[in-house]
Amino acid sequence: MSALVHLDRISMVYGRGVSSVRAIEEVSLDIAKGEFIAVVGPSGCGKSSLMRLISGLHPPLAGILTVEGNPVKGPLKSVGMAFQNSNLLPWRNALENVLLPLEIVEPHRSRIRTERKQYREKAIKLLEAVGLAGFTEKHPWELSGGMQQRTSICRALIHEPDILMLDEPFGALDAFTREELWCTLRDLQAARGVTVMLVTHDLREAVFLADTVYVMSSRPGRIVKRCEVKIARPRDLEVTYTPEFQEIVHELRHLIGRGGEGAH
Amino acid sequence: MERREFLIKVVSPATFTVTLFVLWELACRIFKIPLTILPSAMDVFGALWQYREPIADNSFVTLWTTLAGFAIATAFGLLLGIAVGWHRAIYAGIYPVLVGFNSIPKVAVVPVLVLWFGIGEVPAIMTAFLISFFPIVVNVATGLATTEPELEDVLRALGASKLDIMKKVGIPRSLPYFFGSLKVAITLAFVGTVVSETVGANKGIGKLMLDAQSAFQVPIVFAGLLVLAFLGIVLYAMTALIEQRFTGWAFRGQANR
């Protein structure tokens, strides 16, 4: 397995001097190409910081971070991001929102004017793949929360990034919509073979979707456990009711409980 | 539904306005208020008709100087707003000076402007500009400053420059604030022009009212006030229409949330 992302004893702080906050402490992990990893942990444990770090949006304080063997010095461009809040631009319809990254990232940026039609078709296909056929011309306020989130994920994928970073993307959705979107994401990842890093506090979500689950401790975040999920793919939602699945979830829950020093 | 809309949007304001004029007329008649204190509505409308030519003439001057000052304020306010919203250092540097400048009553500036540019339209245009650019600056800067940090992350991770983020997100996002501020700015510009005209000008509604006042032609003074109110409504409605036209998404978005 060749590592796409490699972190070696990475530490990261926010701010400077006395007011600085240690967000991440000595985190080491590898993400293979095409791997689906999930990072779980109590809130404020630096999960999101880890994402910002790997995207090159925030530099590490110490340690080595490479992507495809190259040290990360700035924003990666080969990354697509989606957050809990879909952050769609209200003045653009779903299709135009999905096209946004292409207007920024090279080489699409210089091509989009002349090849707008091809790019539109590509975006429409992607939107259809997540079940939004017929909603491409709708504006964000005309879409349900789940649809907005699907659009947001399409926006993160349109420029065919090497890594898809998702920060609690389904956190604000109801349970049924969330499970529906799990399946959408599962199928997207299977079809495209994209490397995914999912930050979540939903353990069932992590175990259902990921190949490898990392458990982080509360701040400063350290990785306390690496857990490979050996459930065969493709996984059906039914799998979440099997004893095997429950056992993994239970074990992870136990770890987080201990990591929180019995706070709850 | 259509009928209801019509009642609310047309019949209701019309009834209210007419009632106001009728009450004014009645009050003047019942309490026998002298013409030199408060002319009745009929007197004022009479004056408006009788002196329609000089009034129209002077209204035109007031209108175009207001629009000229407003246009300069819009361009300048937009540019300064973008600069202020661009970076926190610029914001911190410029803001206190802006607030200080805005606190100076503009009436106090008019004599200086007259000194520099002489009696005429230029001081009026300048006053309209000086009084009305501030809300535009503040609103544009606010719109830019409220860009979601996560959205900025999404774009920065793609290698977007600050200019890219401004063009794709910041500026469109601040448009509702910008157009909202135009409604405030146009009324302020109008105030600025008239204030300047009453201090140092040779034309304009302000000047007309000043002359009428010194000649004790009180109905003309009130006719001037009526014209000012009417022009104010027209200018406000125009900017409100432009706002609706360009940032309909902001209103629709809120209505459904």
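Scroll up to find the structure.
Numbering of residues begins from 1 in every chain and follows the order in which that chain's sequence is written. Starting at A for chains and at 1 for ligands, labels are handed out in the order in which the entities are written. Per-residue local features are limited, in this predicted model, to residues with pLDDT of at least 70; the limit for side-chain atom pairs, both in listing and counting, is 80 or more; totals at the level of whole chains, interfaces and linings are taken over all residues. Here the side-chain values reflect all heavy atoms present in the structure, with hydrogen atoms and water set aside.

Undergrad: Mind laying out the sheet that holds strand E2 (residues 21-32) of chain A, listing which residues take part and the relevant values?
TA: All names here are of chain A. An order of E2-E1-E4-E5 is seen for the 4 strands of this open sheet, with the pairing classed as antiparallel. In the strand order of this sheet, the two ends are held by E2 and strand E5 (70-71), each with one partner. Inspection of the sheet shows strand E4 (residues 62-67) paired to E5 by 2 bridges, in the antiparallel sense. Across the sheet, Val-67 pairs through a bridge with Asn-70, a residue of E5. Note on pairing: DSSP must find at least two bridges between two strands before they are called paired. Secondary structure elements are taken from DSSP: a helix is a run of H or I of four residues or more, a strand is a run of E of two residues or more, and numbering for both begins at the N terminus.

Undergrad: Can you tell me about the sheet that holds strand E3 (residues 36-40) of chain A, naming the residues and giving the values?
TA: Residues and elements named next belong to chain A. Spatially, E6-E7-E8-E3-E9-E10 is the arrangement adopted by the 6 strands of the open sheet, whose pairing is mixed. Each having just a single partner strand, strand E6 (79-83) and strand E10 (223-228) make up the two edges of the open sheet. Averaged over all pairs of adjacent strands, the angle between strand axes in this sheet comes to 15°, irrespective of strand direction. In the sheet, strand E7 (residues 163-167) pairs with strand E8 (residues 195-200) via 5 bridges, with the strands oriented parallel. Residue pairing for E8: Met-165 is matched across the bridge by Met-197. Interaxial angles span 0 to 180 degrees and are taken between N-to-C directions of axes, which are lines fitted to C-alpha atoms, for helices over the stretch in contact.

Undergrad: Help me get a handle on the packing of helix H1 (residues 2-30) of chain B against helix H2 (residues 41-50) of chain B, residues and values and all.
TA: Residues and elements named next belong to chain B. One way to put it is that H1 packs onto H2 with a least axis distance of 8 Å and a crossing angle of 110°. Taken together, the axes of H1 and H2 are roughly perpendicular relative to one another. When H1 is examined against H2, the residues Phe-21, Trp-24, Glu-25 and Arg-29 are found in contact with a partner set consisting of Ala-41, Met-42, Val-44 and Phe-45. Residues were grouped as follows: Ala, Val, Leu, Ile, Met, Phe, Trp, Tyr, Cys and Pro as nonpolar; Asp, Glu, Lys and Arg as charged; and all remaining residues, including Gly, as polar. Taken together, the residues that form the contact of H1 with H2 break down as 6 nonpolar, no polar and 2 charged. Here the word oblique covers every angle except those under 35 degrees (roughly parallel), over 145 (roughly antiparallel) and from 65 to 115 (roughly perpendicular). We call two residues in contact whenever any of their non-hydrogen atoms come within 4.5 Å of each other.

Undergrad: Can you break down the side chain of Ser86(A) residue by residue, with the values?
TA: Residue and element names in this part refer to chain A. Looking at the element boundaries, Ser-86 is found in the loop between E6 and helix H2 (94-99). Each residue is assigned to one of three classes by its accessible area relative to the maximum for its type, calculated with a 1.4 Å probe on protein chains only: buried under 20%, partly exposed between the two thresholds, exposed over 50%. For Ser-86, a relative accessible area of 6% translates into the label buried. Residues within four places of Ser-86 in sequence aside, it is in contact with Gln-148, Gln-149, Ser-152 and Arg-155.

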